[in-house]
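Fold and contact review
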Amino acid sequence: MDDLYRDYILEHYRRPHNFGVLEAPTASYEGSNPLCGDRITMMLGISDGVVREVAFTGRGCAISQASASLLTDEIKGKSVADVEKMTPDQLLDLIGIEISPARLKCALLSLDTVAHALADDAAKKVEAGGSGAGAGAS
Amino acid sequence: MTDTATTGPQRQTAPARLDPHLLRTDFPILSTVNRLGKPLVYLDSAATSLKPLAVIEAVDGYNRAYSANIHRGIYEMAERATGAYEETRAKVARLINAPDPREIVFVRNATEAINLVAYSWGRRNIGRGDSIVLTEMEHHANLVPWQLLVQEKDGDLEFVPITDDGVLRPEVFEVLLHLRPKLVAFTHASNMLGTINPAREMTEMAHAAGALVLIDGAQAVPHMPVDVQAIGADFYVFSGHKMLGPTGSGALWARRELLEAMPPFMAGGDMIREVHLRRSEWNDVPYKFEAGTPDIAAQIGMGAAADYLMGLGMDAVAAHEKDLVTYALDLLPREVPGIQIYGPAAEHRGGLVSFNLPGIHPHDVAQILDRSGICVRAGHHCAMPLHERFDLAATARASFNVYTIPEEIDALAVGLREVSRIFNR
């Protein structure tokens, strides 16, 4: 009955997929929306340019947490290059509900946090002089 | 510490009662509906208040009939604008029982007033090792300007802690005063907990320790009688837009001799007496602090708001909002299972209630209430340290004003039950 709070959104909020921690993530980042107090830590296990494992922890509104649950399902098994190419619109399609402008930050926090984790990881690899940072590796 | 200090000479007759249902017709916005056709249930007055027709017409009247600049023109329209602007100063002074309208400095809001004091008075009077005492319940506006000041001057900030009920701990305040702070700055009424602080007692204690006192009255002036002389404060700040006036209006009151001794905050036109290429002489107070063309229409609107409030009688306003908060504190726990309410009992509280529903983020609460036309605030209400104190990411807040009616609190209770139903289905 409520456009925003469909059953599957609330289901992802109550029982988020991939919620937890990775023992040894190769990339991680903590993102937050200071204005509303949404907070998400994304942990990625990347090898050979592919996101093999992903987990997140966090707290916040139903939209931010359901978004993280849906996004982590989506990116697991994808190449880093493909994940990097993901746009906000693609995530919003995945969430599948109309998000008002005031809630966009909540909905997009998960993707923003993944992007930061990947960027940090790429920067680390460049710093270490290693090969295969980010997109080139896949 | 109990609050007895905020009443003044205007408390004389038996307190009249407000008829909120009747006065709602003064607020055109209350007859509007949202996108779903639901009538407006406005419970976010602590963020900004609705504006009565008298204020709307005062702003409109200036723009239509005499929109000249002030303190400059020789022609009739300019004199009328200057007259209306200066009349507002007198009205605002009367509202808080300031002894002299020239002690009222017009600013955009309480935030600007505090920044003015921090830059002008603060940078001249706070030095290395000097301390400023604040409280744990301050709005960011009465915290961050002081952080900047002590960082620059190598001073210190100390904080009066609060109890779990959201009341300041006077015994710790007493200890902090042994540090001989230069300034004590505190909120008269908390925008998150609703706590009304005992302004006069705290001011007396601070003065006895040799400190000056700044009071943030943004959440007090709109809701209760405030008498700056009875309180004995040195600086008192508030916003026009929270007291039924327009955004962009606000006031700093300070004792004349303090204003005289303070250097200008902003420089430019109107704040000078003489300008030469390499030096200038400042205008008298308050004009010394009012550089550039102000928001004349908004400030005139603030004068109309002051008139409107004084017409209702601030005792009646306070009694009305006390009734509302008493009603809400009784009704919500009974009608909304699991609701967690923050802040003190009604006797120490102004007209607002911050709360959470178990396991539901306040943004989701506010979003679902919005469908029923109910406007509440969700977030940290510009009081992040206070939320940290209670280990909360955010809260939802319902806040009241003269036009709030008990039926709207009933609607809130129904709306919150609906939120719980959606999340627990």
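Rules used in this analysis
Residues numbered from 1 in each chain as written. Chains lettered and ligands numbered in written order. Predicted model: local features only at pLDDT ≥ 70, side-chain atom pairs only at ≥ 80, totals over all residues. Helix = DSSP H or I, 4+ residues; strand = E, 2+ residues; numbered from the N terminus. Rg over C-alpha atoms; globule rule 2.2 N^0.38 Å. Core = buried A, V, L, I, M, F, W, Y, C linked by C-beta atoms within 7 Å. Buried ≥ 20, exposed ≤ 12 C-beta atoms within 10 Å, placed from the backbone. Domains from an automatic or database assignment. Contact = placed C-beta atoms within 7 Å. pLDDT = per-residue confidence, 0-100. Pairing = 2+ DSSP bridges. Axes fitted to C-alpha atoms, helices over the stretch in contact; angles between N-to-C directions. Parallel < 35°, antiparallel > 145°, perpendicular 65-115°, else oblique. Left-handed = near helix turned anticlockwise from the far one by under 90°. Nonpolar A, V, L, I, M, F, W, Y, C, P; charged D, E, K, R; others polar. Expected span 1.5 Å × (residues − 1). Bend = angle between axes of the 7 residues up to and from the residue.

Next up on the list: the overall build of chain A. For chain A, the helix and strand inventory stands at five helices and three strands. What you see in chain A, going N to C, is helices and strands ordered as α-β-β-β-α-α-α-α. Over its C-alpha atoms chain A spans a radius of gyration of 15 Å, differing by no more than 12% from the 14 Å that the globule rule assigns to 138 residues. Its C-alpha atoms put chain A at 50 × 25 × 25 Å along the principal axes.

As a further point, take the nonpolar core. A general trend in soluble globular proteins is that nonpolar side chains are found buried together. Residues and elements named next belong to chain B. Membership of the largest hydrophobic core comes to 166 residues, with the highest contact counts inside it found for Ala 251 and Leu 252. Looking at which element gives the most residues to this core, the answer is helix H10 (residues 296-312), with ten residues. Here this core spans two domains, and each of domain 1 (20-44 + 313-423) and domain 2 (55-311) adds at least three residues to it. Those residues within four positions of Leu 252 in sequence are excluded, and the remaining contacts are Val 105, Val 107, Ala 113, Leu 116, Val 117, Phe 235 and Val 237.

The next thing to look at is the confidence of the model for chain A. Confidence in the prediction for chain A averages 89 pLDDT; 92% of positions are at 70 or higher. Low pLDDT (under 50) marks residues 132-138 of chain A, which in the prediction has 20 contacts with non-local residues, meaning those over four places away or in another chain.

With that out of the way, let us pick up the sheet that holds strand S3 (residues 131-135) of chain B. Residue and element names in this part refer to chain B. The strand order S2-S8-S7-S6-S5-S3-S4 describes an open sheet built from seven strands, whose pairing is mixed. Each edge of the sheet is formed by a strand with only one pairing partner; in this case those strands are strand S2 (104-107) and strand S4 (156-160). Shown here is a sheet whose adjacent strand axes are inclined to one another by a mean of 20 degrees, direction ignored. Relative to strand S7 (residues 235-239), strand S6 (residues 212-216) is paired through three bridges, and the arrangement is parallel.

All names here are of chain B. At a minimum axis distance of 8 Å, the contact between helix H3 (residues 76-95) and H10 shows a crossing angle of 40 degrees. Relative to H10, the element H3 is oriented oblique. Classified by chirality, the crossing of H10 by H3 is left-handed. Contacts between H3 and H10 involve Ala 81, Ala 84, Tyr 85, Glu 87, Thr 88, Lys 91, Val 92, Arg 94 and Leu 95 from the first element and Ile 296, Gln 299, Ile 300, Met 302, Gly 303, Ala 306, Asp 307, Leu 309 and Met 310 from the second. Residue classes in the contact of H3 with H10 are distributed as eleven nonpolar, three polar and four charged.

Residue and element names in this part refer to chain B. In this model, helix H4 (residues 110-125) (16 residues) spans 21 Å end to end at C-alpha, consistent with the 22 Å of a helix rising 1.5 Å per residue. If you look at H4, its biggest bend is around 25 degrees, right at Ala 118. The element H4 is largely enclosed, with a buried count of twelve among its 16 residues. Taken residue by residue, H4 has Ala 110, Thr 111, Glu 112, Ala 113, Ile 114, Asn 115, Leu 116, Val 117, Ala 118, Ser 120, Trp 121 and Gly 122 as its buried positions. Buried residues along H4 sit in contact with S2, helix H5 (144-153), S6, S7, strand S8 (250-254) and helix H9 (256-261).

This brings us to the sheet that holds strand S3 (residues 50-59) of chain A. All names here are of chain A. Read from one edge to the other, the open sheet built from three strands follows the order S1-S2-S3, with strand pairing classed as antiparallel. At either end of the open sheet lies a strand with only one pairing partner, and these are strand S1 (27-33) and S3. Going from strand to strand, the sheet's axes swing by 15 degrees on average, the running direction of each strand aside. Contacts from helix H2 (residues 62-75) reach strand S2 (38-47) and S3 within the one sheet, and its direction differs from that of S3 by about 170 degrees. Against the sheet, helix H5 (residues 104-127) contacts S1 and S2, and its axis sits at roughly 145 degrees relative to S1.

What follows concerns the packing of helix H4 (residues 88-95) of chain A against H5 of chain A. Residue and element names in this part refer to chain A. Interhelical geometry of H4 versus H5 gives an angle of 120 degrees and a closest axis separation of 10 Å. Looking at the two axes, H4 sits oblique to H5. When you trace H4 past H5, the crossing you get is right-handed. Contacts between H4 and H5 involve Pro 88, Leu 91, Leu 92 and Ile 95 from the first element and Ala 107, Leu 108 and Leu 111 from the second. Of the residues in the contact of H4 with H5, the class split is seven nonpolar, no polar and no charged.

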